[in-house]
Amino acid sequence: MALALPAAAAQPACAPEDSLVARLRRGEAEALAEAYDAYSAHVRAFAVRFLGDAMAAEDVVQETFVALGAAIQGFTGAAALRTFLVSIAVNRARHHVRAAARRRAATARLGEMPRAPGSTPEDDLERVRLSALLSRALDRLPLDQRIAFVLFEVEERTSAEVATIVGASEVTVRARVWHARRKLRELLAKDGLR
Amino acid sequence: MSGDALERAVRALRASGDLARRENAETRRRVLRAVAIRGGRRRGLLRWGVPLAAALALSSAWAALGGRLGMSQLAARAVVTSNGEGQVTPPPPAGTARTLIVAAPPSTPDTSPPVVSVDALPVATAPPSAPGVRPDASPVRRTFPSARAPAAETDDLYAAAHRAHFVDLDPAAALSAWDAYLRAAPTGALAPEARYNRALCLVRLGRRDDAIAALQPFASGSFGGYRQREAADLVEALQRTR
């Protein structure tokens, strides 16, 4: 099935991207390598924000690009390739949510917090603490609300783009974000974050 | 609860994504290797699948013109297309008996084609998919049994294990499934993931010593940086709680 694209979210694809898509459709390995180099960071950032787990995010990156070869046949070009890749990543990440949540819960039970990479000055520690708290709260949201919240609030995408990625209307996306925001505030308050 | 706390947490999570943007060479290598293997399989399917589909279309037209099939039978026949991935477009809704004519090669036009029931073909499990993404993105595919390459079988084994592990959350079934995948593809493109996930199943099943043994190669860097830190943490935790 091709991406359903609301008119407002349409982004004209530039010529180099058209060429890349054509080469991906022909199954050129070099094209996949180019797509990976151009967009993997973008996909990885989304996966980390969505799952709150760097290792699971790496699996999502891998699965997304492995799936791209087949999925690109249904790409209409109405949305940016980057947006299309995120829609694949959303689909893949759904399978990792529960496992990541279990790992997070186990870590919390042991009273450990995830370690910040490299040296850990205070602001890094605070960032790690806050993002871990939010990830734990996100674990308790319905999946659709979680996806909408991460794409709209954390990734700062437009509601039109989120609607494209999740295949829902903009009104639905905004409603999901509103409910998510309300629940997250309650959950963070219970965790003592004020 | 003030909105500021949520905003601060959102900013922190956003920043964690920014920090994670750095390249992971190991993932890139695995992606390209996995796709190279699939590409080889696809070329094989193109070689055989496209002529087969063309022969089927010719055979149908020939049969219709020759009066061997009525138009109602033609309408009820399963529609088979090949997109180079060996995928079969689902036939129209059931209600009439459906048959799939497997045509003889063009070089032997006089041979009567054997008739195979469409219902006898393997049925693909519909993967959960996000709206807007073709189901083709899933590694689970519906293929002709005769065109089924070993790589497709190992893909299916991997998909089954992945489902048992991440969707069904059944560590015993997942362990068996990962073992089945690794027996079929001990050096497959996804073998490191399968081995690591197998180790996680051992942890969940309480087989502590087996789990430590399975995690040690990851912790010691035998798989490059893949899961190294996480495996080391798990080994340490398992040893601490002996």
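The sections below set out a description of the structure shown in this document. (Residues numbered from 1 in each chain as written. Chains lettered and ligands numbered in written order. Predicted model: local features only at pLDDT ≥ 70, side-chain atom pairs only at ≥ 80, totals over all residues. Heavy atoms only, no water.)

### Some details on the overall build of chain A
Moving on, step 1. Within chain A, the secondary structure is distributed over eight helices and zero strands.
Moving on, step 2. Traced from its N-terminal end to its C-terminal end, chain A shows the element sequence α-α-α-α-α-α-α-α.
Moving on, step 3. Residues classed as buried in chain A amount to 54% of the 194 residues present.
Moving on, step 4. A separation of at least 24 residues holds for 68% of the contacts in chain A among residues at least 6 apart in sequence. (Helix = DSSP H or I, 4+ residues; strand = E, 2+ residues; numbered from the N terminus. Buried < 20%, exposed > 50% of the residue type's maximum accessible area, 1.4 Å probe, protein only. Contact = heavy atoms within 4.5 Å.)

### Section: the overall build of chain B
Moving on, step 1. Tallying secondary structure elements over chain B gives eight helices and two strands in all.
Moving on, step 2. Secondary structure elements of chain B occur, N-terminal to C-terminal, as α-α-α-β-β-α-α-α-α-α.
Moving on, step 3. Within chain B, the proportion of its 242 residues that are buried is 40%.
Moving on, step 4. Of all intrachain contacts in chain B linking residues separated by at least 6 positions in sequence, the fraction that spans at least 24 positions is 46%.

### Some words on helix H5 (residues 171-184) of chain B
Residues and elements named next belong to chain B.
Moving on, step 1. The end-to-end C-alpha distance of H5 is 20 Å, a good match for the 20 Å that 14 residues give at a rise of 1.5 Å each.
Moving on, step 2. Within H5, burial applies to Ala174, Leu175, Ala177, Trp178, Tyr181 and Leu182.
Moving on, step 3. For H5, the side-chain oxygen to backbone nitrogen distance between the N-cap and Ala172 is 3.3 Å, and the N-cap itself is Asp170. (Expected span 1.5 Å × (residues − 1). Polar contact = N/O pair within 3.5 Å; in protein donor to acceptor, adjacent residues only side chain to side chain.)

### Quick look at the pattern of salt bridges
Residue and element names in this part refer to chain A.
Moving on, step 1. Enumeration over the complete set of coordinates arrives at 17 salt bridges over all chains.
Moving on, step 2. Between Arg26 and Glu28 there is a salt bridge, and its shortest N-O distance comes to 3.2 Å.
Moving on, step 3. Judged by its relative accessible area of 26%, Glu28 is partly exposed.
Moving on, step 4. Taking the shortest distance from any N to any O, the salt bridge between Asp191 and Arg136 comes out at 3.9 Å. Residue Asp191 is found in the segment after helix H8 (170-190), and its partner Arg136 is found in helix H5 (residues 122-138); the two are separated by 55 residues along the sequence.
Moving on, step 5. Residue classification places Asp191 among the partly exposed residues on the basis of a relative accessible area of 35%.
Moving on, step 6. Because the salt bridges share partners, they merge into one network encompassing Arg23, Arg26, Glu28 and Glu34. (Salt bridge = Lys/Arg side-chain N within 4 Å of Asp/Glu carboxyl O.)

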